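What follows is each chain in one-letter form.
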Amino acid sequence: MKPKVNVLRSSSRAKPLDEGQKKALANYYSKVSREAVKRTVEDIEKRQRRAATARRIVLK
Amino acid sequence: MYVWINIEKPEDYDALLNVGPSSDLNFAAVYELKEVARKLKTTLRPRVRKLLIELSYVDKDYRSTFYHFYAKKGRQYRGNSVRIHLFGATVSFDADHLILSRPGHDNPSDDYFGFITLRPTYKFTVGRSVVRPDAIEGAAGLALMSSYRVHVLGHELLAVGFPWMEQHSDIAVCAHVACWSILRHYANQVRKYREFLTHDITRLAQAFDPGGLLPSLGLYVEHAERIFSEAGTYPLVISMPKDPTKQERKDFHRQLFAYLDSGFPLYVVIKDDPADHAVAAIGYRSNNSAVIPQTGIAYAADMIEALILSDDNHMPYRDLRWKTFPGQSYRLDDVIAFIAPLPDKVFLPAEHVENLVPYILNDLPLDELPDQDDLVLRYFVTTAALIHKQMREAPSQFDPELINEIMQLPMAQYVWVMEFARKKDWPNSHISGRAIIDATAGVYEEDALWAIYDRKTALLFDRRGGGDPKTLSLNTPASAPYAKMIPNLDPIRV
């Protein structure tokens, strides 16, 4: 029977990740997550060090 | 009211001194024509061969300052500006019938290099201008440009370039002008931003009306931040730390390049004595023959040899290089802060994007991405629409299934794109893989990827629906390498 609605085609070749890929991805997520916490603390310190620049006047 | 000047040699620009009506003895002094002729003859390329001078032109930006400032002064200031149109050799002017024509061609616009307005302010008279970069001696590289409709004598011409003017020095200084030029570009390029005239910019800097004196005393960086915010953008201020280490300098320049390469014009603060200077960075030039370090990750940002500026102290498209050169007293290392006027939907900062690199290279199962000692890295913000457009326009680079997947992948409007190139491929603008990262993600979101692919494998992530990631084995044609994207900057014709 002819469908009433055309559904967007999804790739037939895309597959779920295999076990090795899943493990690699979980490892990636875990490292990125740890990095984000570390960097955020560093970023706050950097921002404080940079604050003085905002007080510089420009007019030349 | 209209004067046509043929330019055969630089001295022909001196004819500008005599364009005023014979009864108007002050004309040349009011518009500072001697100084204007000197600037044009020393900065315009020989391909500019004809000038059409409109002796009486109502310029909206000058008028905004005239109504609120110059009309209040004891000295009498005129209300009208002069406008100079720049043409190439193929355009002619019929002075009897006031017709511009380009024999053998349809449109004078194709040989039109834009316009310069002159304010009747005696000093610093060059006002709102849009000049095509290939008209300027020495301009080269990639620059932000857009097309401005120009109406003269019933003709509609297109001026292509980035807005520029000299500072007034009283009602607006360099910082106002840098904000004005960026916001005028946005207003012309992006429908959601409205146009702000010169005096509007002056008033936006403070919560109160700063009157006539305060603007001449300059702006703090936070005032410029306020201007961009009031104008509807979401400014991000990035500053160099005091006494920076070598690594901190590199990090700063890489962030600056990432936002500029994304197509955002930047408000740039340059250290100077006794007062700092502000300009708009509107493009860059890379050194394609630069020696790429053999070890460690090489960054596209580190291969920049010059920023291209819209600087009120010089004609537009002046370089800012690592070393000073005749005509430029600043260096790239003198940049101490910049403001990126971002859209509202960019939440992930450039520095966090760079932090992902080691984990992408080490942990994701993509064998064809280069190792760190063979990697040139570039990252920038673009839109999902531009990614789709690039795939549609160059389909031979991609496995058709990858195009199909990316077209259907739900993405936010803005994405960070990270491009991975082998060092040998970089000079040819070829890359080995690309990551597409959600620019609306927060820094604590470890799963910010929409997609990443090399020549053999793609990983696709359903961030919107929360479905499981998918993988696609690619049959990428070996004969068509991935080309690096050029987001929003256009090459300057030399």
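Note that the structure is predicted; figures quoted are calculated from it, not measured.

Student: Looking at this model, I keep getting lost on the interface of chain A and chain B. Mind explaining?
Tutor: By a widely used convention, the size of an interface equals the accessible area lost when the partners come together. Taken together, the contacts link 37 residues of chain A with 61 residues of chain B. Of the roughly 4,400 Å² buried between chain A and chain B on both sides combined, carbon and sulfur atoms contribute 53%. Taken together, the links from chain A to chain B amount to 2 salt bridges. Asp399(B) is the salt-bridge partner of Arg13(A), the closest N and O atoms lying 2.5 Å from each other. On inspection of chain A and its partner chain B, the count reaches 7 residue pairs in polar contact (both at pLDDT 80 or more). Put simply, the parts of the chain that give the side of chain A that touches chain B at least two residues each are strand 1 (15-16), helix 1 (19-50) and strand 2 (57-58) of chain A. Sort the elements by how many residues they give to the side of chain A that touches chain B and helix 1 of chain A lands first, with 19 residues. Along the lines of polarity and charge, the residues of the side of chain A that touches chain B split into 15 nonpolar, 8 polar and 14 charged. Pairing between strand 2 of chain A and strand 11 (residues 219-220) of chain B: 2 bridges, direction antiparallel.

Student: I'm lost on the nonpolar core in this one. Help?
Tutor: The nonpolar side chains of a soluble globular protein tend to be buried with one another. Residues and elements named next belong to chain B. By size, the foremost hydrophobic cluster in this structure holds 169 residues, and its most contacted members are Tyr267, Trp416 and Ile452. With 9 residues, the single largest contributor to this core is helix 4 (residues 174-189). With residues up to four places along the chain from it excluded, the contact list for isoleucine 452 reads Ile360, Leu364, Leu366, Leu369, Phe420, Arg434, Ala435, Thr457, Ala458, Leu459 and Phe461. Counting 13 residues, the second-largest nonpolar core is a separate cluster that includes Phe93, Tyr112, Val130 and Tyr148.

Student: Would you mind showing me how to read the packing of helix 4 of chain B against helix 6 (residues 221-230) of chain B here?
Tutor: Relative orientation and spacing of two packed helices are given, respectively, by the angle between their axes and the distance between those axes. Residues and elements named next belong to chain B. Direction vectors running N to C along helix 4 and helix 6 enclose 20°, while the axes themselves pass 10 Å from each other. The angle between helix 4 and helix 6 places the two elements in the roughly parallel class. With respect to the hand of their crossing, helix 4 and helix 6 are arranged in right-handed fashion. Across the interface between the two elements, Cys179, Ile182 and Leu183 from helix 4 touch Ala224, Ile227 and Phe228 from helix 6.

Reading guide: rules and limits
- Residues numbered from 1 in each chain as written.
- Chains lettered and ligands numbered in written order.
- Predicted model: local features only at pLDDT ≥ 70, side-chain atom pairs only at ≥ 80, totals over all residues.
- Heavy atoms only, no water.
- Contact = heavy atoms within 4.5 Å.
- Buried area = accessible area lost by both parts, 1.4 Å probe.
- Salt bridge = Lys/Arg side-chain N within 4 Å of Asp/Glu carboxyl O.
- Polar contact = N/O pair within 3.5 Å; in protein donor to acceptor, adjacent residues only side chain to side chain.
- Helix = DSSP H or I, 4+ residues; strand = E, 2+ residues; numbered from the N terminus.
- Nonpolar A, V, L, I, M, F, W, Y, C, P; charged D, E, K, R; others polar.
- Pairing = 2+ DSSP bridges.
- Core = buried A, V, L, I, M, F, W, Y, C linked by side-chain atoms within 4.5 Å.
- Buried < 20%, exposed > 50% of the residue type's maximum accessible area, 1.4 Å probe, protein only.
- Axes fitted to C-alpha atoms, helices over the stretch in contact; angles between N-to-C directions.
- Parallel < 35°, antiparallel > 145°, perpendicular 65-115°, else oblique.
- Left-handed = near helix turned anticlockwise from the far one by under 90°.

Worth remembering: the numbers are spatial, not functional.
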